[in-house]
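Below are the chains, spelled out letter by letter.
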Amino acid sequence: MNTEVFAARHIGITERDLPHMLETIGVESMEQLIYETIPDDIKLKKPLDLPEGISEHEFLSHLNSLAKKNKVFKTYIGLGYHESLTPSVIKRNILENPGWYTAYTPYQAEIAQGRLEALLNFQTMVADLTGMEIANASLLDESTAAAEAMNMLFELRNRQQKKSGAVKFFVSEEILPQTLSLLETRAIPLGIELVIGDHEKFDFSEEFYGALLQYPGKHGQVNDYASFVEKAKENEIKVAVAADILSLVLLTPPGEWGVDAVVGTTQRFGIPLGYGGPHAAFFATKEEYKRSIPGRIIGITKDTDGNPALRMALQTREQHIKRDKATSNICTAQVLLAVMAGMYAVYHGPEGLKYIANKVHNNTKKLVSVLEAHGFEQMNSAYFDTVEVKVKNSSKLKQVAESKGINLHYIDENTVSISLNEAVSNTDVETLISCFLESHDLDEKQLSDAQLDEAIPTNLQRQAPFMEHEVFNSYHSETELMRYIKKLERKDLALNQSMISLGSCTMKLNAASEMLPLSWGEWGNIHPFVPLNQAEGYQEVLKSLEEQLNVITGFSATSLQPNSGAQGEYAGLMVIRAYHESRGEGHRNICLIPASAHGTNPASAVMAGMKVVVTKTDEKGNIDLNDLEEKVNQHAENLAALMVTYPSTHGVFESSIKQITKLIHDNGGQVYMDGANMNAQVGLTNPATIGADVCHLNLHKTFAIPHGGGGPGVGPICVAEQLKPFLPTNPVIPTGGESAITAISSAPWGSSLVCLISYGYIKMLGSEGLTNATKAAILNANYIKDRLKGKFDVLYAGERGRAAHEMIIDCRPFKANGIEVTDIAKRLIDYGFHAPTVSFPVAGTLMIEPTESESRSELDRFCNALLSIRTEIDEATSDETDNVLKNAPHTLAMVTSDSWEHPYSREKAAFPLPYIAENKFWPSIRRTDEAFGDRNLMCTCAPIEDYIEA
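Below: a short report on this structure. Sequence positions are assigned chain by chain, starting from 1 and proceeding in written order. Totals for whole chains, interfaces and linings use every residue, but because this is a predicted model, local features are given only for residues with pLDDT of at least 70 and side-chain atom pairs only at 80 or more, for both listing and counting. Each side-chain value is worked out from all heavy atoms of the structure, with water and hydrogens disregarded.

Description of the overall build of the chain
In DSSP terms, a helix is any run of H or I states spanning at least four residues, a strand is any run of E spanning at least two, and both are numbered starting from the N terminus. Helix and strand counts for the chain stand at 30 helices and 26 strands. Both definitions apply: the radius of gyration is a C-alpha atom measure, and the globule rule equals 2.2 Å times residues to the power 0.38. Taken against the 2.2 N^0.38 rule, which gives 30 Å for 950 residues, the C-alpha radius of gyration of the chain at 28 Å falls within 12% of a compact globule. Considered along the principal axes of its C-alpha atoms, the chain spans approximately 85 × 70 × 65 Å. By the convention used here, residues are in contact when the closest approach between their heavy atoms is within 4.5 Å. Put simply, of all contacts in the chain between residues at least 6 apart along the chain, 78% involve residues at least 24 apart. Accessible surface computed for the chain: about 33100 Å², of which carbon and sulfur atoms make up 45%. Positive charges come from Lys and Arg, negative ones from Asp and Glu, while His and the chain ends are left out of the count. Charged groups are reduced to one reference atom each: NZ for lysine, CZ for arginine, CG for aspartic acid, CD for glutamic acid. Taking the 85 positively charged and 121 negatively charged side chains of the chain as two groups, their mean positions are separated by 2 Å. The Shrake-Rupley method, run with a 1.4 Å probe, gives the accessible areas here. Residue values count only the displayed protein chains as cover.

Quick look at the structure:
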């Protein structure tokens, strides 16, 4: 074995496994399997034009050399991004811990109680600091969250406002520039008219439905918005506030003014800058709007035994239920980052946060005092950590500052702003002051230690207590927090425990060598708006990754800006929209979407201003060509796009795909390919070959970025030549094409830090390794399919009977035995496995995707578990519900109870197969009561007796 070949570590199948697996499948070679799986007319004719793979050691050395090209300055640019200090206990035990970063979205609550509790802490922290009643489990970034608030308030217009056509949305001129750009992107297709101006001159006319304020403003001014909010309420105008979360420790929370939503980012709660992300945004609102909140909410309920339990509430899979009527296309969160930010609050507690906020504020006051004593004019009447200062010559100041390794925000030739943070020391303040004095030829004055002036007016000083719950006041030593984190981790099942076979979610290995650089300061401490010459290492990585993805997809250009798969869908459609408009065909607004598509597809199309027309699928799970052709002809003049997932959501390479894409092109439309199933394409076919024009790629699936318990995600778009000019830009650091659409996310290159992972994945696997990984994924799926043959029916297969990289097994026949698909999902927990994807895209089914990273022994364990469950199904009857499936999962408390009245043994409940005994995973709760939780919605930490019925 060549120990330097990364592919041998990433791909779980060995050469000695192949003969048995191929025999089970009924083929003589891997080549025959691929021939029978992928239509010949779309196969690539030559290998990927990428270099050979390199070893893990070579990759880490390479990335270390690139890291040295980044210049880590002391950066005081602000604009929503601040250096923060990640407590080592959080970095070591969460960020660098596969028990946290390899977990999946908590759809199976019984094996996700740890991260659900961590997210409940996050929600409580946000609700307390903002003064709002309810908060979600995080969003993608501050600008996205602000845009979601604008959309939510638009949907919440009263009947009269909708009737009169109130579509104006006021945006304070104090708003962050990247937020304004993203608001512009979102507003246009929905028919919202943005009005940017001074909040003190706002006319509150009935043409407006909402307003967005920044608190503090982009250059640090802290305004009292109480009277503005009061007047807005009198005129039935709803108000959202984008707030700095650390400032809310000292400032009056917006909730006290009666605002309708508060949004922002928790990046400065211990999350690295990472050249723009990933970071966890927050979204807080009133409880009366709970069914309109975008994203996820963690709620409290009870389990079968009446014990308290946590689960995702209300909108667990909202997009798949409501589709084009969904609240938002955002179905994700930034869970790993939200967990870290919440733990930062747990570790420091309210008193620790007050210390940090006061330190930052006092350093800012000291800076202002010294600058004013030397004749500089500070422009803000009230401030927290950011001040606007008048200078004679900002160019000279910039020259001096950069020579000392300092970045400021240069507003114009005579104005700069300075944003301080928790990492600023007294020495840093003195060095900062020296830049101003040196650039203006001033001598330092000897100043007395006089009392610093008050910078926050009394009426804006926070009076309300916050974070009084026990969890924020218990774990302030490293020992205690380490044990608390471990306690939560033990309640969760992640990839470090067993295979997670979720269809369409591609839970593959997230290699340690790909993850290690995320902790390096040269990558973590770079502000997204630094001059490009300070981020040369990042620029090399990002440009190389774009080129790699171009080769893999066959397209001409890539934008890394979208920071989730849903954002990628939206970005792709907005680029198509811009393309049609550039050709004088802006009337094209019909988006065809197969009935089997991901629920985010129709939601994204609606957000992009398109009308969704659903096309049928045939009995084999393929797009119904006759129905598609009929609808194309019907809408030919207005056809904008077809959204298609390939291989299909049913796990099949449709042989008619080129016929389908040609039909769309012949009628003036563009083809958007959803890249969720790209793991079956890489190196064997590609989106360009099948005739697509744009695709998004889930870097958190195919390209090895970990799911992190439900985020981070990265969803870049790759486009054909004609769409290249329209790739998105950023208002601070320009990106994209010459006719770029406005921003899709806050940062120029989205979640840049985790792009290092995908760069490393491609770099280490190389052309041959990437192709072999795809082959192994297809091999593993077909191996499972044939091992289950005769016991479980596979719903769909290709023309030669093969699955792609995933398959759907039909559990509906088991209803005759009284068994539902949910019972099988919960019973798998007893066998130590996370359930496959439940009831999507077909109700009553399981969609299984093993990925290439799993070994044959793990595949066999999983198949043995399902086959054992199949025997248990045969033993069940519809009139006897006290069985091992209906009672699953079985907890340790249940199995060790003095009372056992079930007709099956404790051993069968907990140890149904021999392998389980040596590595038993115990769920911490029994099955959750979803209905109870939604009827009694509680989304913050509170005493148990407040919500559990006696």
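Now that the structure has been shown, the text picks up again.
Comments concerning the pattern of salt bridges
Here, a salt bridge means any Lys or Arg side-chain nitrogen found within 4 Å of an Asp or Glu carboxyl oxygen. For the structure shown, the criterion picks out 37 salt bridges. A salt bridge links D492 to R115, with the shortest nitrogen-to-oxygen separation between them at 2.8 Å. Within this pair, whereas D492 is found in the loop between α16 (478-489) and α17 (512-515), its partner R115 is found in helix α7 (residues 113-130), the two being separated by 377 residues in sequence. Summarising the burial analysis for this pair, D492 and R115 share the class buried. Notably, a salt bridge pairs K404 with E438, separated by 3.3 Å at the nearest N-O pair. Of the two residues, K404 is situated in the loop between α14 (394-403) and β13 (406-407) and E438 in helix α15 (residues 426-439); the sequence distance between them amounts to 34 residues. Think of it in three bands: residues with accessible area under 20% of the maximum for their type are buried, residues over 50% are exposed, and the middle band is partly exposed, with areas taken using a 1.4 Å probe on protein chains only.

Overview of the pairing of strand β21 (residues 694-697)
Both faces of β21 are covered, namely the face carrying V694 and H696 and the face carrying C695 and L697. One requirement defines pairing of two strands: DSSP has to find at least two bridges between them. Two elements, strand β20 (residues 670-675) and β21, share 4 bridges in a ladder whose sense is parallel. The partner of M673 across the bridge, within β21, is C695. Where β21 meets strand β22 (residues 717-719), 3 bridges bridge the pair, whose relative direction is antiparallel. Directly across from H696, in β22, lies its bridge partner I717.

Section: the packing of helix α26 (residues 821-830) against helix α27 (residues 856-875)
To characterise two packed helices, one gives the angle between the axes of the helices and the distance between these axes. Put simply, α26 and α27 touch, their axes get as near as 10 Å, and they point 125° apart. Classified by the interaxial angle, the pair formed by α26 and α27 is oblique. Our pair here, α26 against α27, has a crossing hand that is right-handed. Across the interface between the two elements, I824, R827 and L828 from α26 touch F862, A865, L866, I869, E872 and I873 from α27. For this classification, the nonpolar set comprises Ala, Val, Leu, Ile, Met, Phe, Trp, Tyr, Cys and Pro, the charged set comprises Asp, Glu, Lys and Arg, and every other residue, Gly included, is treated as polar. Each residue belonging to the contact of α26 with α27 can be placed in one class, and the counts come to 7 nonpolar, no polar and 2 charged. Only C-alpha atoms enter the line fits that serve as axes; for helices the fit covers just the stretch in contact. Angles between N-to-C directions range over 0 to 180 degrees. Angles are sorted into four bins: roughly parallel if under 35 degrees, roughly antiparallel if over 145, roughly perpendicular if 65 to 115, and oblique for all others. The crossing is said to be left-handed when, going from far helix to near helix, the turn is anticlockwise and less than a right angle, and right-handed when the turn is clockwise.

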